[in-house]
Amino acid sequence: MTDTSKPPEPASAPAPRPELDDAPPLLGSWRNIYLLVLGTLAFFIALFWALTRAYS
């Protein structure tokens, strides 16, 4: 006898949260947010490097 039904989920499994699949409210996609963060990091690195060179 084969049982084709899904096995029951453990009681400690979190409830599904479909809102986590939604796009972020800012910039439209997570890729754009990551690019903004990396761009900001590159800007600050360049700024601090330039300030270090100017005042050393």
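Look above for the structure.
Draft legend 1. Inspection of the overall build of the chain at higher detail. The helix and strand inventory of the chain stands at one helix and zero strands. The C-alpha radius of gyration computed for the chain amounts to 24 Å, which surpasses the reference 10 Å derived for 56 residues by more than 25%, pointing to a less compact arrangement than a globule. Seen along its three principal axes, the alpha-carbon backbone of the chain occupies a region of about 80 × 25 × 20 Å. Going through the 56 residues of the chain one by one, you find that 4% of them count as buried.

Draft legend 2. Geometry of the packing of aromatic side chains. Under the counting rule described, the total for this entry stands at three aromatic pairs. Consider the rings of Phe44 and Phe48, whose centres lie 5.9 Å apart with planes at 20°: the pair is stacked. Taken together, the residues Phe44 and Phe48, both in helix α1 (residues 30-54) and four residues apart, mark about one turn of the helix. Through a chain of ring-to-ring contacts, the aromatic side chains of Phe43, Phe44 and Phe48 assemble into a single cluster.

Cut-offs applied
Residues numbered from 1 in each chain as written. Predicted model: local features only at pLDDT ≥ 70, side-chain atom pairs only at ≥ 80, totals over all residues. Heavy atoms only, no water. Helix = DSSP H or I, 4+ residues; strand = E, 2+ residues; numbered from the N terminus. Rg over C-alpha atoms; globule rule 2.2 N^0.38 Å. Buried < 20%, exposed > 50% of the residue type's maximum accessible area, 1.4 Å probe, protein only. Phe/Tyr/Trp six-rings, centres within 6.5 Å; stacked < 30°, edge-to-face > 60°.

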